[in-house]
Structure formats: C-alpha cells, structure tokens
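# Secondary and tertiary structure notes
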Amino acid sequence: MRSVATTQAFVRPFPAPRWKPQRVTVLRRRLELLGKILRPTPHVPLAVEGMQLFAKLEYTNPVGSIKDRPAYWILKRAAERGEISDETTVIESSSGNFACALAAYTHLVGLNFIPVIDPNISSTYESFLRRLCPRVVKVEERDDTGGFLKTRLEMVKHLCSTIPDAFWTDQYGNPDAVEAHYLLTGGEICAEFDSLDYVFIGVSTGGTIAGVSRRLKEQYPNVQIIAVDSQGSVIFGDAPRKRHIPGIGSSIVPPLLSLALIDDVVLIPERETVDACRELLMTHGLLVGGSSGSAYAAVKRYAARLRKAERPKVLLICADGGTPYLDTVFDPEWVTKLK
Ligand SMILES: Cc1ncc(COP(=O)(O)O)c(C=O)c1O
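Just so it is clear, the structure is predicted and the values come from calculations on it, not from any experiment.

## Here's the deal with the overall build of the protein chain
Summing up its helical and strand segments, the protein chain has 10 helices and 10 strands in all. A compact globule built from 339 residues would reach a C-alpha radius of gyration of about 20 Å, and the protein chain, at 19 Å, matches this within 12%. Considered along the principal axes of its C-alpha atoms, the protein chain spans approximately 60 × 45 × 35 Å. Looking at the 339 residues of the protein chain, the share that counts as buried comes to 57%. Within the protein chain, contacts between residues at least 6 apart in sequence are counted, and of these 73% link residues at least 24 apart. Carbon and sulfur atoms make up 53% of the accessible area of the protein chain, which totals about 14,100 Å².

Right, here's the structure in full:
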C-alpha cells in the first residue's frame, strides 16, 4: 500500500495560515475525536448470475452517506492548515448529503454552518438541516441548464463575500475531497478485496470517483472504473435537461473530475434509475437512493459484457440509503412526472 505522501499531489498549496493557536488546537483536537466515529463500511454480496457482485453500503456512515468522508476530511485538513478556527462560518452548496454531513460535523466541533440548498432536496434532508442549522438558504431560480447548481454557487459567493471568517468547503473543486476518498473509501476497498475487475460509481462532484479510482488502479492495475451519470447531466457531455433525482449528475463539469481515472461512462435515464432502486429493494433487500440505483442499472446494462469474463468480481457503491426518497423515487405517483 502506498503512503499518504502519494496523495500530496491532490493537496492545495499551503495558504499563509491565519493562526489562532489556542483555538485552532482545540478545534483540531475535536476533529481528531470526531474521526473516531467514522468506521469502515460493510460490503454485501448480491446474487446476480454470471458475476460476483458486491455492494458497498456507504449509507452505514454515521450521518448516512458517502459524503460523511469528504465532510470530515475537508474540515480536518482545513483545521490542520489553520484555514478555519472556532469563529469560522462554513458555507456550502449541496443538494443534500454533503450538507447533512457538514451540518452534523460542524455542529459536533462547534462551528457555524450555512447550507445553500435548492427545491430538489428531499424533505427529510431539509428538515434535518433546519433542525441543526440556525440559517438555511434555499435558492428558487433555475440556472441556464435547467438545474439549480449555478444559482447555488452564486449564492455561496455572495455569502462568502458578506460574512466575516467564512470558509467555503467547495465540494466541487476541493482536492481534500479526493484525498478523503483515496485514503478512506479507496483504502478500505483495497483492504477488503484481494482482486476487483469492475467498479461502478455514481458521479456528481467527481470526488468519489477521482479518489477511489486513483487508489484502486494502484492496487488492481486492470480494474475497470465505470462512471455512472444521469441522462441530462452535463458531466460527460450529455445535453442539459431538467433532472429530478438528487445525488447524481450535475449542471457543471466538476473540476475534480479531471483527477479521475475512468474507463467507461454509462448514462442512465431517471426512469431506469427508479426501476433499479425498486429491484434492489425487492430482489436484494437494499433500500438505497438514486445514485445507487443508477449504478445498479449500469451493472445490468453491462451484464452481457461482464458475463463474457470468468465470473468477474464487480463492486457497486451504494452512496446513500433510500428512506429520504420514499416520497419520490419510491412513490409511483411521483414517478409519473419523469419522462
Ligand atoms: C447519494 C449520492 N451519491 C453519489 C454522489 C456522488 O458523489 P461525488 O459527489 O463524490 O461524485 C453524491 C454526491 O452528492 C450523493 O449524494
């Protein structure tokens, strides 16, 4: 296994630290303690003919999704560099999971946090954020791609320029997110599997696929990394279209994507994502969200190719659980809205 030094390339150049030694030490100590609640997530086998398919259950992270990892790691690294102190207000644009993880972790270490959300957020996530954060900013206007991301990012810029000691975690461009997945998610997978042939990963900011692909390609040089996105997301060049399922896709090409080592891309229509989520529940007993359903739909599309190999070992990342989507992805009436 390579050392942490391998990842230094991902780490931003050191800015001059704004030292507040006493406070920074306390914050760093709190973050060290917080790190102890992040434990390796389990993987389970799924019975699918012709392959050895495993699902890594990222929804077992403490706040419920894969985004716990970059949320924790970005705060930890920022504190180590002296970029945040206990007077900092953390600001982030998120459609749900990253904001929830940041809300919990900032709260636990005594930082302020303002999430910038949009109407696509699940009502469960919105309630969670409103219970934990004194201020939640919800944008309502769609951007020129039909999504909300650009409007949310404009709002983040505005808040950062008006709030003293604001810190934008920048999940779309922060290399610490890649480092989190390289060391934590990727490191765990390498410790759990002696070999791997294919890994299917839903993409939004690109942080997961960048970190995991880099780590896995070191360990398993022949592994195929398959990026999974929604039709109508612009990440891999599809024409922008209104999308309804959060957690996957984007209306910008995220800068972190350039760090990913991707072998193939599969674009899934939202209807197919819904069917795959239901199949995961009804056939495999996994209640998971849209990005996991999309990744499973991509495995199914790939099935004929996979079966040509000798029972390949395939990993599917289940980034979050399905409970927040009971009123959407799992509601047959809501699904009639989808093209
Ligand atoms: C449920 C879910 N799956 C997948 C992703 C994509 O991960 P990444 O942003 O690292 O590409 C996200 C990101 O928000 C997510 O919330």
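## A short note on the nonpolar core
Across soluble globular proteins, nonpolar side chains show a tendency to be buried alongside one another. Of all hydrophobic cores here, the largest spans 67 residues; its most connected members are Leu-196 and Leu-216. The leading source of residues in this core is helix H3 (residues 97-109), at nine residues. In this structure, this core is formed jointly by two domains, domain 1 (43-61 + 180-332) and domain 2 (67-168), each of which donates at least three residues. Beyond its immediate sequence surroundings of up to four residues, Leu-196 is in contact with Ile-189, Leu-216, Tyr-220, Val-223, Lys-313 and Leu-315. By size, the runner-up hydrophobic cluster in this structure holds 28 residues, among which are Leu-53, Val-266, Val-288 and Ala-295.

## Some points on the site of the ligand
Lys-67, Ser-204, Thr-205, Thr-208 and Ser-291 are the nearest of the 13 residues found near the ligand. Thr-208 places a polar side-chain atom, nitrogen or oxygen, 2.6 Å from an oxygen atom of the ligand. Ser-291 is positioned with one of its side-chain polar atoms (N or O) 2.6 Å from a nitrogen atom of the ligand. Coverage of the ligand by the protein amounts to 96% of the 380 Å² it exposes when considered alone.

## Some words on empty space enclosed by the protein
Inspection of every chain in the model, using the stated rule, returns one cavity of 30 Å³ or more. Counted as a void, the largest cavity has a volume near 600 Å³. Residue lining of the largest cavity: 47 residues in total, with Ser-95, Ser-204, Gly-247, Ile-248 and Gly-249 positioned closest to the centre. Elements that contribute at least two residues to the lining of the largest cavity include exactly H3, helix H5 (149-162), strand S7 (198-202) and helix H7 (207-219). Among the elements that line the lining of the largest cavity, the one with the most residues is H7, at three residues. Class assignment for the residues of the lining of the largest cavity results in 16 nonpolar, 23 polar and eight charged. Looking at which domains feed residues into the lining of the largest cavity, each of domain 1 (43-61 + 180-332) and domain 2 (67-168) supplies at least three.

## Considerations on the sheet that holds strand S5 (residues 137-138)
Pairing is parallel in the open sheet, where four strands are placed in the order S5-S4-S3-S6. Bordering the open sheet on either side are S5 and strand S6 (166-168), each of which pairs with just one other strand. Sheet strands in contact with helix H4 (residues 123-132) are strand S4 (112-117) and S5, and its direction is about 155 degrees off that of S4.

## Quick notes on the layout of surface pockets
Volume-wise, the largest pocket comes out at about 240 Å³. The wall of the largest pocket is formed by 18 residues, among which Pro-119, Asn-120, His-244, Thr-328 and Trp-334 lie closest to the centre. Grouping the constituent residues of the lining of the largest pocket by class yields eight nonpolar, five polar and five charged. Mapped onto the domain boundaries, the lining of the largest pocket takes at least three residues apiece from domain 1 (43-61 + 180-332) and domain 2 (67-168). Approximately 180 Å³ is the volume attributed to the second largest pocket. Lining the second largest pocket, in full, are Gln-231, Arg-241, Lys-242, His-244, Pro-269, Glu-270, Lys-337, Leu-338 and Lys-339. For the lining of the second largest pocket, the class distribution of residues is two nonpolar, two polar and five charged.

## Re the pairing of strand S1 (residues 43-46)
Where S1 and strand S2 (residues 52-57) come together, four bridges link them in antiparallel fashion. By the bridge assignment for S2, Pro-45 is matched with Phe-54. Counting the residues that bridge the hairpin from S1 to S2 gives five residues, and of these Gly-50 lies at a positive phi of roughly 85 degrees.

Cut-offs used in this document
Residues numbered from 1 in each chain as written. Predicted model: local features only at pLDDT ≥ 70, side-chain atom pairs only at ≥ 80, totals over all residues. Heavy atoms only, no water. Helix = DSSP H or I, 4+ residues; strand = E, 2+ residues; numbered from the N terminus. Rg over C-alpha atoms; globule rule 2.2 N^0.38 Å. Buried < 20%, exposed > 50% of the residue type's maximum accessible area, 1.4 Å probe, protein only. Contact = heavy atoms within 4.5 Å. Areas by Shrake-Rupley, 256 points an atom, 1.4 Å probe, with all protein chains shown as cover. Core = buried A, V, L, I, M, F, W, Y, C linked by side-chain atoms within 4.5 Å. Domains from an automatic or database assignment. Near = heavy atom within 4 Å. Polar contact = N/O pair within 3.5 Å; in protein donor to acceptor, adjacent residues only side chain to side chain. 1 Å grid on protein atoms, 1.4 Å probe; cavity = no way out; pocket = protein on both sides within 12 Å on 5 of 7 lines; lining within 4 Å. Points joined across faces, edges and corners; volume = space filled by probe spheres on them. Nonpolar A, V, L, I, M, F, W, Y, C, P; charged D, E, K, R; others polar. Pairing = 2+ DSSP bridges. Axes fitted to C-alpha atoms, helices over the stretch in contact; angles between N-to-C directions.

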